[in-house]
Amino acid sequence: MKPVKDWLQLMLGRMFLPISRRHAMRIVRQSLPESERNVRLVCRSKPPARSNIYLITSERCWYIVLPWNDGLGGYAANV
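Cut-off values and rules
- Residues numbered from 1 in each chain as written.
- Predicted model: local features only at pLDDT ≥ 70, side-chain atom pairs only at ≥ 80, totals over all residues.
- Heavy atoms only, no water.
- Helix = DSSP H or I, 4+ residues; strand = E, 2+ residues; numbered from the N terminus.
- Buried < 20%, exposed > 50% of the residue type's maximum accessible area, 1.4 Å probe, protein only.
- Contact = heavy atoms within 4.5 Å.
- Areas by Shrake-Rupley, 256 points an atom, 1.4 Å probe, with all protein chains shown as cover.
- Expected span 1.5 Å × (residues − 1).
- Arc of directions from axis to C-beta.

> Teacher, can you tell me more about the overall build of the protein chain here?
Along the protein chain, the regular secondary structure elements total two helices and three strands. Going from the N terminus to the C terminus, the protein chain shows its helices and strands as α-α-β-β-β. Looking at the 79 residues of the protein chain, the share that counts as buried comes to 20%. Across the protein chain, every contact between residues at least 6 apart in sequence was considered, and the portion connecting residues at least 24 apart equals 30%. Element-wise, carbon and sulfur atoms account for 58% of the exposed surface of the protein chain, whose accessible area totals about 7000 Å².

Written out as structure tokens, the structure is:
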């Protein structure tokens, strides 16, 4: 089964090229409501400390940190 999984990972890597940090920031900013688009976003290549990631993957990804919208402070990490 491992050879099939390795082959599939290789094919997916060739089909879906990684996106740049700038493009990742643009995607997240566009998904925010108009009134929140000026909020400060932080983009990292590694998960922030004390974050709860729902899906750990071996693929390269960006972690974008933004304030919660509950008025209590704290941050949310999006993969």
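Moving on, there is more to tell.
> Explanation requested: helix α1 (residues 2–15) in the structure shown.
One turn of an α-helix holds 3.6 residues; hence residues three or four places apart share an orientation. The end-to-end C-alpha distance of α1 is 20 Å, a good match for the 20 Å that 14 residues give at a rise of 1.5 Å each. Little of α1 is tucked away, with zero of its 14 residues classed as buried.

> What is the right way to look at the environment of R22 in this model?
Tracing the backbone shows R22 in helix α2 (residues 21–31). Considering only alpha carbons, one finds R22 and C43, 21 residues apart in sequence, at a separation of 8.9 Å.

> Quick question: what am I supposed to make of α2 here?
Among the residues making up α2, those that are buried are A24, M25 and V28. One side of α2 carries all its buried residues, which in axial view fall inside an arc of 100°. For α2, exposure combined with an orientation more than 90 degrees from the buried face picks out R22 and Q30.

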